[in-house]
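Each chain is listed here by its residues.
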Amino acid sequence: MSRRMGRRSTWVLAAVAVGLVAAALVLPVATAGSTRHSSPAAVDRPWLDRKTPIETRVQQLLSRLTLAEKVRLMYGVARPRGVHSVGFVPGIPRLGVPPLLLSDGPVGVKDSCFGEQFPDNCKLGTSTALPATVSLAASFDPTLAHDYGRIVGAESRARGVDVLYGPAMNIVRIPQGGRNFEYFSEDPYLTGSLATAWVRGLQTEAVAAQVKHFALNNQENDRHAASSDADERTMREIYLPAFQEAVTQGGADSLMCANNPVNGVYNCQNTLLLRQILAGEWGWGGVVGSDYAATNSALGSVNGGLDEEFTGLDWGKWYSALPDLVRQGQVSGAVIDTHVRRILRMMFKLGMFDPGRSTGKVDVAADGAFSRSVAERGSVLLKNDAGILPLDASSVKSVAVVGQYADTAMTGGKGSSKVDPYYAVSPVQGITKRLGASAKVTTADGADPAKAAALAKQAQVAVVVVNDVEQEGTDRPTIDLPGNQNHLVAAVRAANPRTVVVLNTGSAVTMPWLSQVHALLEMWYPGEEDGNALAALLFGDVDPAGRLPVTFPTALSQDCCHTPPRYPAQNGSYAYTEGLQVGYRWYDAQHLTPLFPFGFGLSYTTFRVSDISVSPTLPNLGNTVRTSVQVTNTGTRPGTATPQVYLGFPAKSGEPPRRLVATARVPLSPGESKRVTLTVPRQAYSLWNSGAHNWDVASGDYTVWAGTSSRDLPVHAAFQVRNADGAQGIGVKTAGSIVSGRASTLAVTMTNSGGQPLLDPQFALRVPVGWTATTTGRVPTSVPPHTTAQLSYRIGAPAGAGPGTYVLTAHASWRGLTPGAAARSVSVTATAPAKSATGRH
């Protein structure tokens with residue numbers, strides 16, 4: 001364990017808001033032990049009535065569960081023979097609770113024999129091997145991401161899977177990260193928009209998405225021990241926004257806490273992340289499940305916010321002890337009920353209790369065609385000198401295809417996301433099929449570069465397929481192509497000037513031969529339709545429309561995090577001291593020219609972005625800023641432009657030079673021009689105020705840039721923000737202990753430290769069932785600048801509530817001076833002592 005594990009976070013969460021704000025007060029209060037139940041024969045099951053509201057059904061069932069049964073729903077076990085889901089939580093047969101099946105993703109549903117009692121009899125099932133998530137991200141297309149999630153969801157449901165581990169959505173912090181191929185991008189906006197669409201698509205199929213890995217799981221080496229240590233602003237602006245969007249706007253039913261600690265506290269018992277931010281501030285009520293072997297304490301995790309534990313082969317290692325901890329008074333029954341309520345809510349939402357729940361069938365051909373379309377739309381044309389591509393199929397009579405994956409499809413990276421595909425089409429097979437009998441296709445595996453070069457010399461065109469190896473559990477030692485592949489490319493190019501290099505990589509690689517080759521295509525890990533997608537791209541059947549979701553450095557030494565303690569870890573800590581300068585933000589701030597910039601990608605045609613305008617140029621605080629640009633196809637072929645909008649902040653803000661805030665995909669015919677309007681919501685130009693622990697907008701001049709990549713931004717416009725609100729806040733505090741059976745005082749405070757009055761403040765307080773809350777003062781009509789308003793409540797805790805944990809949630813809302821200003825939303829969690837009437841804690 002890291003020596004930093006015991007360190008407690010010093011954050012004090014205040015709030016910044018114009019609109020709805022929530023704050024949770026955590027009060028320790030005990031509950032009695034589990035109640036007795038009638039015999040199974042006498043138990044009716046009203047929760048099976050689909051017409052009853054879900055929350056009512058949850059409470060009806062929860063009241064019938066024994067303590068042992070509640071805990072039984074809180075951890076996975078070894079599966080029965082023949083059940084090949086990765087995770088298995090047995091049901092409660094006497095009450096009609098079905099088992100919960102969870103399986104790996106996110107690039108296709110994966111069956112598993114992991115933990116199988118009879119491994120010799122276990123045969124993995126096949127599924128559609130979709131392109132790696134990074135390929136999907138390169139499409140910059142939320143609609144495609146929605147369909148991707150829907151395909152994974154449909155195939156999951158066809159196998160009876162209830163929860164799918166995905167999407168994986170950590171920010172790509174280092175180019176050598178072992179799971180970069182599973183992640184979306186280095187940018188929070190792009191990651192959030194695509195992951196949210198993915199979640200929505202998957203959950204249309206009555207399968208719960210379990211977004212992962214929360215949080216700051218940005219490297220694989222030492223992922224079980226080394227702490228990811230980041231300051232508050234860096235976490236809020238870079239590493240948490242995409243998760244927030246996926247669970248709040250995407251409505252993800254579940255989330256996976258990661259193996260690594262954050263700021264010295266393991267993720268799966270990190271109260272700040274799981275209770276204060278995820279459940280309290282974001283108001284999310286979904287299920288938190290652990291990554292396998294990510295639980296390190298029963299007491300810490302159950303009180304810290306972990307609902308379900310999964311521990312690999314050592315099933316129930318921690319949570320099987322929960323009944324004893326409840327009986328000993330170390331964990332309250334109310335805490336157990338909170339966790340089980342979330343699990344039951346998800347199961348009811350998925351329709352798991354309803355008769356005739358559909359499983360559906362997999363359309364192998366249709367899903368394969370979709371896989372091919374993702375590979376085509378996510379491939380990035382990085383170089384095309386002398387117009388080598390697209391090739392003319394009618395004139396090409398011989399092609400040499402060489403490399404380790406020339407005659408083998410690259411269906412994915414290694415680890416838990418690896419699926420067994422229904423079928424696989426290699427580059428040789430795809431090109432052979434596309435050219436037909438009129439052309440000769442030869443191949444070599446590239447182990448002998450001289451032999452491959454000789455083969456290439458005899459062909460009209462040479463295609464060299466090179467690859468990296470990314471896998472869960474370990475990072476790449478370098479970003480150089482492994483083995484002799486750089487030598488292979490140089491040898492083949494020397495033998496044949498018409499050489500096309502195809503990259504099957506999960507992230508950036510170095511290219512010492514780049515100046516020698518004329519055509520370069522990044523296809524990532526293209527999935528089961530690898531060869532067919534490659535052929536369609538090479539011969540111009542489709543236009544390569546992908547754009548880089550990650551920056552390609554010239555060398556690893558150019559990246560932000562190539563020395564300890566940033567990376568690798570030092571003394572048990574990955575120090576995120578680069579702060580906000582991650583990905584393209586680093587290269588912009590340091591004035592470095594990468595090999596290929598974020599957002600870059602060529603086409604078989606050309607595009608121009610021009611004539612930018614911004615409205616309004618003096619927005620009221622909270623208004624959406626609309627950016628309009630003219631996008632023109634200046635070439636001779638149809639194609640899809642991807643205009644990108646970046647925002648530059650006032651110099652005093654402390655931000656990197658630019659931040660991606662909007663994108664679009666615009667299909668255009670040759671010579672066609674379209675006016676495109678992209679919106680920049682208030683959150684996109686908000687900054688995290690670490691002093692106020694909340695979001696803020698800086699006054700000053702902003703610049704909106706538009707173009708085709710982070711380094712190709714030919715047009716810009718400006719707008720100005722004046723009289724920013726400053727930091728408003730909401731706080732919760734008690735005058736003393738909350739005492740069961742007696743009335744206690746609680747105060748909700750609203751602080752206005754900005755320059756505008758807050759008008760018509762409204763307060764509300766939500767308390768647990770059986771508690772009471774009564775206001776004892778007048779609600780003010782306004783809160784002037786730099787003042788504080790307060791409303792007191794008399795809180796009554798029932799006499800039966802002893803020491804334990806309950807949550808009281810305070811809400812405050814108000815309007816700003818400007819009518820129609822958009823709402824800002826945050827929350828704050830405070831803790832207060834609580835005791836029983838006898839004085840025992």
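Residues numbered from 1 in each chain as written. Predicted model: local features only at pLDDT ≥ 70, side-chain atom pairs only at ≥ 80, totals over all residues. Heavy atoms only, no water.

A.B. asks: Any chance you could explain the overall build of the chain here in plain terms?
C.D. replies: Secondary structure assignment for the chain yields 17 helices and 38 strands. Relative to its 841 residues, the chain shows a buried fraction of 61%. Residue pairs at least 24 apart in sequence account for 77% of intrachain contacts in the chain once pairs closer than 6 positions are excluded. Element-wise, carbon and sulfur atoms account for 52% of the exposed surface of the chain, whose accessible area totals about 29,500 Å². (Helix = DSSP H or I, 4+ residues; strand = E, 2+ residues; numbered from the N terminus. Buried < 20%, exposed > 50% of the residue type's maximum accessible area, 1.4 Å probe, protein only. Contact = heavy atoms within 4.5 Å. Areas by Shrake-Rupley, 256 points an atom, 1.4 Å probe, with all protein chains shown as cover.)

A.B. asks: Help me out: how do you make sense of the sheet that holds strand β13 (residues 440-444) in this one?
C.D. replies: The pairing of strands in a sheet happens through backbone hydrogen bonds and is either parallel or antiparallel. If you walk across this open sheet you meet the six strands as β11-β16-β15-β14-β12-β13, and the pairing is mixed. Of all strands in the sheet, those with a lone pairing partner are β11 (380-384) and β13, marking the two edges. Taken over all neighbouring pairs, the strand axes of this sheet differ in orientation by 15 degrees on average, direction set aside. Across four bridges, strand β15 (residues 499-504) lies against strand β16 (residues 519-522) in parallel orientation. When the sheet's bridge partners are listed, V502 is paired in β16 with L521. (Pairing = 2+ DSSP bridges. Axes fitted to C-alpha atoms, helices over the stretch in contact; angles between N-to-C directions.)

A.B. asks: Got a minute to help me understand the state of the cysteines in this structure?
C.D. replies: Put plainly, a disulfide is one covalent bond tying together the sulfur atoms of two cysteines. This model, assessed by the stated rule, comprises one disulfide. With its sulfur 2.1 Å from that of its partner, C257 forms a disulfide with C268. Handedness here is read from the sign of the S-S torsion; for C257 and C268, about 105 degrees, the answer is right-handed. Of this pair, C257 sits in strand β7 (residues 254-257) while C268 is found in the loop between β9 (265-266) and α8 (271-281), placing the two residues eleven residues apart along the sequence. The exposure class assigned to C257 is buried, which follows from its relative accessible area of 0%. (Disulfide = S-S within 2.5 Å.)

A.B. asks: Teacher, can you tell me more about the side chain of S85 here?
C.D. replies: On the secondary structure map, S85 appears in the loop between α2 (67-72) and β2 (87-89). Given the relative accessible area of 4%, S85 is considered buried. Among the polar contacts made by the side chain of S85, one reaches the main-chain carbonyl oxygen of G87 at a distance of 2.9 Å. (Polar contact = N/O pair within 3.5 Å; in protein donor to acceptor, adjacent residues only side chain to side chain.)

A.B. asks: Sorry, what's going on with the side chain of N180 here?
C.D. replies: The residue N180 is located in the loop between β4 (163-168) and α5 (188-203) in this model. A residue is classified by how much of its surface remains accessible, and N180, at 2% relative accessible area, is buried. At 2.8 Å, the side chain of N180 forms a polar contact with the backbone oxygen of I174. Those residues in contact with N180 that sit more than four places away from it in its chain are V134, V172, I174, P175, E470, G506 and S507.

A.B. asks: Any chance you could explain the packing of aromatic side chains here in plain terms?
C.D. replies: The geometry of an aromatic ring pair is captured by two quantities: the separation of the ring centres and the angle between the planes. One pass over the full model with this rule turns up 20 aromatic pairs. Relative to Y292, the ring of Y165 lies with its centre 6.0 Å away and its plane at 70 degrees, an arrangement referred to as edge-to-face. Here Y165 is found in strand β4, whereas its partner Y292 is found in the loop between β10 (287-290) and α9 (298-304), with 127 residues between them in sequence. Where Y567 meets Y574, the ring centres are 5.7 Å apart and the plane angle is 15 degrees; that geometry is what we call stacked. Y574 matches Y567 in its accessibility class, with the two residues each being buried. Taken together through their ring pairs, the aromatic side chains of F140, Y584, F598 and Y646 make up a single cluster. In this arrangement the basic side chain of R173 is found over the ring face of Y576, its NZ or CZ atom lying 3.8 Å from the centre. (Phe/Tyr/Trp six-rings, centres within 6.5 Å; stacked < 30°, edge-to-face > 60°. Lys NZ or Arg CZ within 6 Å of the ring centre and 35° of its normal.)

A.B. asks: I'm lost on the environment of G251 in this one. Help?
C.D. replies: By the secondary structure assignment, G251 is in the loop between α7 (241-248) and β7. Sequence spacing of G251 and W284 is 33 residues, and the spatial spacing of their C-alpha atoms is 8.7 Å. Excluding anything up to four places from it in sequence, G251 contacts V199, Q203, A246 and K349.

A.B. asks: Looking at this model, I keep getting lost on unusual backbone geometry. Mind explaining?
C.D. replies: Residue H213 follows K212 across a cis peptide bond; omega there is 0 degrees. The residue H213 is located in strand β5 (residues 208-214) in this model. The amide bond that connects S615 to the next residue, P616, takes the cis arrangement and shows omega of -10 degrees. For N263, which is not glycine, the phi torsion reads 50 degrees and is therefore positive. Relative to the helices and strands, N263 is located in the loop between β8 (261-262) and β9.

On their own, these measurements won't tell you what the molecule is for.
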